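Secondary and tertiary structure notes
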Protein chains: 2
Amino acid sequence: MKLLHTADWHIGKQLNGFDLLDEQWHAFETIRQIAKDEKVDGIIIAGDLYDRAIPSVAAVEAFDKMLHILNIEDGLPVYAISGNHDGANRLNFGNRWFEENQLYLRTQISEAFQPVELNDVQIFMLPFFDPIDARIYFDIDEPSDLRSIDSAIALVIDRMKEQFNPSKKQILITHFHVTGEQNADYELTSETTSTVGGLNAVRATHFKDFDYVALGHLHLWQASPDKYVRYSGSPVKFNTKEATNEKGVYIVEITEKGVTSDFRKITPKNDLIVLKGTFDELMSKDFSSKQPKKGEAFFSVKLTDRPLVKNIRQSLSEVYGDVVELHFMGQSTVGTWDEEELSQRTVASDQDILKQFYEDVTAGQEMSLQQINLVEDVLQEVRKAGEEA
Amino acid sequence: MKLLHTADWHIGKQLNGFDLLDEQWHAFETIRQIAKDEKVDGIIIAGDLYDRAIPSVAAVEAFDKMLHILNIEDGLPVYAISGNHDGANRLNFGNRWFEENQLYLRTQISEAFQPVELNDVQIFMLPFFDPIDARIYFDIDEPSDLRSIDSAIALVIDRMKEQFNPSKKQILITHFHVTGEQNADYELTSETTSTVGGLNAVRATHFKDFDYVALGHLHLWQASPDKYVRYSGSPVKFNTKEATNEKGVYIVEITEKGVTSDFRKITPKNDLIVLKGTFDELMSKDFSSKQPKKGEAFFSVKLTDRPLVKNIRQSLSEVYGDVVELHFMGQSTVGTWDEEELSQRTVASDQDILKQFYEDVTAGQEMSLQQINLVEDVLQEVRKAGEEA
């Protein structure tokens, strides 16, 4: 059988206020076409369906339409889980009706242990969860007994294995930052608002008994730990770090012999282009004529000077259209901009920011494990409260 | 055939911060039992399913469970529409999957013209809408051509009639303030936050071609315009104006001869009791021993004096438990309280408040029709913006 593996749709996401819904619809139509051409037997969406816990009305309407097209019009089973961006409990509404039509939308850790049983395949669906959800599910009173996601995943996988049918292949769909030997360099390539690495990372070795693990969370397919534990990446470029990376989906073929996965590219409708140079260079006809036309791309502009010109952004917009970002690099009369450092900051997790702050105010001391754990607990509470508000 | 008619569940509503979910579950279980005893063929919920456009996680979970019990466990068709409290566009998510299982959840005016076709009955479902929704649907550019709900309803019903099958009975489910000859006294008995009467009222005569109209919006069944155009009322008492009124549902029987409707009572688990008297009277054992025990009722307290006692509310709570309201009537050292007037204010619509304000600042001049229309347009924009935020 063949499955299409995608993830991190982030429906409703904006690029610094620029609406991406058109681009998301374009990516969706490409995915639909790939599914048709490849005659797949189902679609996996490995979390971060929406961009936030309470999505906008436009996002809800779009996602409802997309699911309707895939599941009802095209008659494809859909296997979707919630990611860290989704509001798991709200997203859960109605899912028992959806399953009647093979639209599997799982958002709770408790739903992870009953796989979808196909003829030769068991599909386990493990939505994103916090360690506290695992403590509640496994009835563990003492936080210190189950603090990291890595230790929680170990428990979860053990329980899943009780359901393994040795005559079938096992597929897992989940949404975490998974580290292996191959993807150590991609520690900082996650989408911007979730924590990466450290206490929130899961070791790929936990998944060795699955035939294929369809991951969501990191937006670059290159961040995959190995060829059986794969990130599909997001179908759309969501920030400048992703600008030069190709986007796409995996076609996963499951036969008796084993599992293979092949990448299928999604070409952007309006690409995200990073322009770098002095203001005069970028404003010159010679340079701008080589770029996509106004209205046909999103531009992130990195100026290597800071010209004494009024309305820099407006001037650039008149030439390029949608200037979604404007960064200044190098020195100016006011101070020094280090674009790389700024960019790192936007990708840092809340925890990393707090760690950095602690080091700054204590002249370089590192937080103790106890302090890190405390911070993590508080952040989890805050995230929960945000969702339930 | 038999249908159970209920409305105005307002799942997630609180009484001044006191959670009503337990009481709402009790009412739900009673409704479920009535449906079983009467062997009904379906459940009508005529709007205001939730209490607000973005309900709490607890409310979403509860409503999902309730629908699951009725529609999947008990196998009953459910006919539910959105009311003015519901977020129509968000509530719409997934409804095409629900219909596969005869859970009809309609939230858009565009869905009103395709009735659910049963053997001998057509069920039309008209969710709450604003005149602006009707202008969009009917493609009317000029606001003045379709300003009031009454004129919009006339258009809607005309279009519905095109679908009437003369060999069947016609049932309408909707959610508006409908005025007839019989319910003129109930102009001010609606739930608190929606506008009542005036531009938002619909004349019952529009509905004369339906065999039964199942209404939601006003919380008292006594507010029904006539026996074929009925409010079921809310299943739970939501404010002190409703404290002495019985709550329940209608069993609607549709035969070839015609339609009859019978009221079935819901007895509260924790009743809402209004206590009136001096502080000393209410604190006396003689008086309090005749009331429901602490924890077995919600109390609204109206003190006829203003005693020089610290922690009045706390003292009352120690005797009675859940004191959800505390009003002072009559004179005190500080000023005059007119409990009735205060109570009227809480029931007044936003429009009424603005009208009153206008009269106050203009020494008694009334707003012109043009001004009223302007205010109504602005209020509608505000409500829309609130939902879409």
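Being a predicted model, the structure only gives us computed values, none of them experimental.

**A short note on a nonpolar patch on the surface**
Residues and elements named next belong to chain A. A contiguous nonpolar surface patch, about 280 Å² in accessible area, is contributed by L374, V378 and V382. Relative to the helices and strands, V378 resides in helix α12 (residues 369–388). Its relative accessible area of 46% is what places V378 among the partly exposed residues.

**A word on the sheet that holds strand β13 (residues 229–231) of chain B**
Residues and elements named next belong to chain B. What the 5 strands build is an open sheet, ordered β7-β8-β9-β12-β13; its pairing is mixed. For this open sheet the edge positions go to β7 (116–117) and β13, each flanked by a neighbour on one side alone. The sheet contacts of helix α6 (residues 149–161) involve β8 (121–126) and β9 (169–175), and relative to β8 the element is tilted by about 150°.

**Description of the relation of the copies chain B and chain A**
For the match of chain B to chain A, the screw axis carries a shift of 0.1 Å, the RMSD comes to 0.1 Å, and the turn is 180°. In short, the pair behaves as if placed about a two-fold rotation axis. By C-alpha distance to the rotation axis, the residue of chain B lying nearest is W97 of chain B, at 3.2 Å.

**Section: the interface of chain B and chain A**
On the chain A side, the residues contacting the 26 residues of chain B number 26 residues. Interface area for chain B against chain A, summed over the two sides, is near 2,500 Å², with a carbon-plus-sulfur share of 67%. On inspection of chain B and its partner chain A, the count reaches 2 salt bridges. Between chain B and chain A we count 10 residue pairs in polar contact (both at pLDDT 80 or more) in total. Taken together, the elements giving at least two residues each to the side of chain B that touches chain A come down to α2 (57–73), α3 (88–91), α4 (95–99) and α12 (369–388) of chain B. The dominant element in the side of chain B that touches chain A, judged by the number of residues it contributes, is α2 of chain B, at 10 residues.

Rules used throughout
Here the residue index of a chain counts from 1 through its sequence in written order. Chain letters and ligand numbers both follow the written order, the letters beginning at A and the numbers at 1. Only residues with pLDDT of at least 70 are given local features in this predicted model, and only at 80 or more are side-chain atom pairs given and counted; all residues enter the totals for whole chains, interfaces and linings. Each side-chain value is worked out from all heavy atoms of the structure, with water and hydrogens disregarded. Within this analysis, patches are made of residues with over 30% relative accessible area and no salt bridge. Like charges are joined at 9 Å or less; nonpolar side chains (Val, Leu, Ile, Met, Phe, Trp, Tyr) at 5 Å or less. Here, Shrake-Rupley sampling with a 1.4 Å probe gives the accessible areas, and only protein chains in the shown set may cover a residue. For this document, the term salt bridge refers to a Lys or Arg side-chain nitrogen within 4 Å of an Asp or Glu carboxyl oxygen. Secondary structure elements are defined from DSSP: runs of H or I of at least 4 residues count as helices, runs of E of at least 2 residues count as strands, and each element is numbered from the N terminus. Exposure is judged per residue with a 1.4 Å probe applied to protein chains only, and the accessible area is read against the type maximum: over 50% gives exposed, under 20% gives buried, and values in between give partly exposed. By definition, two strands form a pair when at least two bridges between them are found by DSSP. Whether two residues touch is decided by their heavy atoms; if any such pair falls within 4.5 Å, the residues are in contact. Angles run from 0 to 180 degrees between N-to-C directions of axes, and those axes are lines fitted to C-alpha atoms, restricted for helices to the stretch in contact. Copies overlap after least-squares fitting; the atoms used are the C-alpha atoms of residues with pLDDT of at least 70 in both. Simply put, the buried area is the total loss of 1.4 Å probe accessible area from both parts when two parts are fitted together. Throughout this description, a polar contact denotes any pair of N or O atoms lying within 3.5 Å of each other; where both atoms belong to protein, one of them has to be capable of donating a hydrogen while the other can accept it, and for residues adjacent in sequence the pair is counted only when both atoms sit in side chains.

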